[in-house]
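# Tertiary structure, described
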Amino acid sequence: MEHTSAIVYDGKLLHETSYAQRAEKYQEIELTAIYQNVSLTGKIDFYNAKEKIIHETKRGKTTEDAHEWQVKFYIWLFTLNGIEGVTGKIEYPKLRKTTTVFFTEPDRVYLEEIVPNISAFIQQDKCPPILHSKICKKCAYYELCYIDEV
Ligand code: SF4
């Protein structure tokens, strides 16, 4: 749903306006991999191929574990494509803060464990229940999940 998400587009614009020179300098790449019959895709807006650094920018005023896991997932996709040594930087312009993301062996084990769960979700006849959480409003699937309510 990311291609239709205003939030995702807003994140890209934020990066382009906060770090204008990067839009010219860094690459946009899309990575894919198949892991245990699950098709995985990650679209990275700003990748510094020379330094092997993924740059991710967040608009909010709080750092979240989900931000780190997003970047760790991208790094995992790189490793599944045979590219090791990638790290990430998450920038929070409003906080004037940058965090560095490293990918560890326990991270790899965790992702390898949850992918079969995702596969099981995909094969269910019915969608899992809506979370009714405050994170839903920031989720790219919001309009799909709440189609009866919007
Ligand atoms: S909108 Fe909420 S329930 Fe739906 S996928 Fe996103 S987080 Fe899950």
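The structure reproduced in this document is the subject of the present report. (Residues numbered from 1 in each chain as written. Predicted model: local features only at pLDDT ≥ 70, side-chain atom pairs only at ≥ 80, totals over all residues. Heavy atoms only, no water.)

### Here's the deal with the site of the ligand
The ligand sits among Ile130, Leu131, Cys136, Cys139, Tyr141, Tyr142, Cys145 and Tyr146. In terms of residue class, the shell around the ligand is built from 8 nonpolar, no polar and no charged. (Near = heavy atom within 4 Å. Nonpolar A, V, L, I, M, F, W, Y, C, P; charged D, E, K, R; others polar.)

### Here's the deal with the packing of aromatic side chains
In the structure shown here, the tally under the stated rule is 6 aromatic pairs. Joined through ring pairs, the aromatic side chains of Tyr35, Phe73, Tyr74 and Trp76 make up one cluster. For lysine 72, the ring lying beneath its charged end belongs to tryptophan 69, and the centroid distance is 4.9 Å. (Phe/Tyr/Trp six-rings, centres within 6.5 Å; stacked < 30°, edge-to-face > 60°. Lys NZ or Arg CZ within 6 Å of the ring centre and 35° of its normal.)

### Examining helix 4 (residues 105-123)
Residues spaced three or four apart along an α-helix point in a common direction, a consequence of the helix completing one turn every 3.6 residues. With 19 residues, helix 4 extends 28 Å from end C-alpha to end C-alpha; this agrees with the ideal 27 Å at 1.5 Å per step. Restricting attention to buried positions, one finds in helix 4 the residues Asp107, Leu111, Val115 and Ser119. Mapping the buried residues of helix 4 onto a view down its axis gives an arc of 115 degrees, with all of them on the same face. Counted as exposed and oriented over 90 degrees from the buried face of helix 4: Pro106 and Glu113. (Helix = DSSP H or I, 4+ residues; strand = E, 2+ residues; numbered from the N terminus. Expected span 1.5 Å × (residues − 1). Buried < 20%, exposed > 50% of the residue type's maximum accessible area, 1.4 Å probe, protein only. Arc of directions from axis to C-beta.)

### As for the sheet that holds strand 3 (residues 53-57)
One open sheet holds the 5 strands; their spatial order is 1-2-3-4-5, and the pairing between them is mixed. Pairing within the sheet leaves two strands with one partner each, and these edge strands are strand 1 (27-35) and strand 5 (97-101). Ignoring which end each strand starts from, the neighbouring axes of this sheet average 35 degrees apart. Taken together, the 8 bridges between strand 1 and strand 2 (residues 38-48) define a ladder with antiparallel strand orientation. In the sheet register, threonine 32 faces strand 2, and the bridge partner there is threonine 41. Against the sheet, helix 3 (residues 65-80) engages strand 1, strand 2, strand 3, strand 4 (87-92) and strand 5, with an angle of about 105 degrees to strand 2. (Pairing = 2+ DSSP bridges. Axes fitted to C-alpha atoms, helices over the stretch in contact; angles between N-to-C directions. Contact = heavy atoms within 4.5 Å.)

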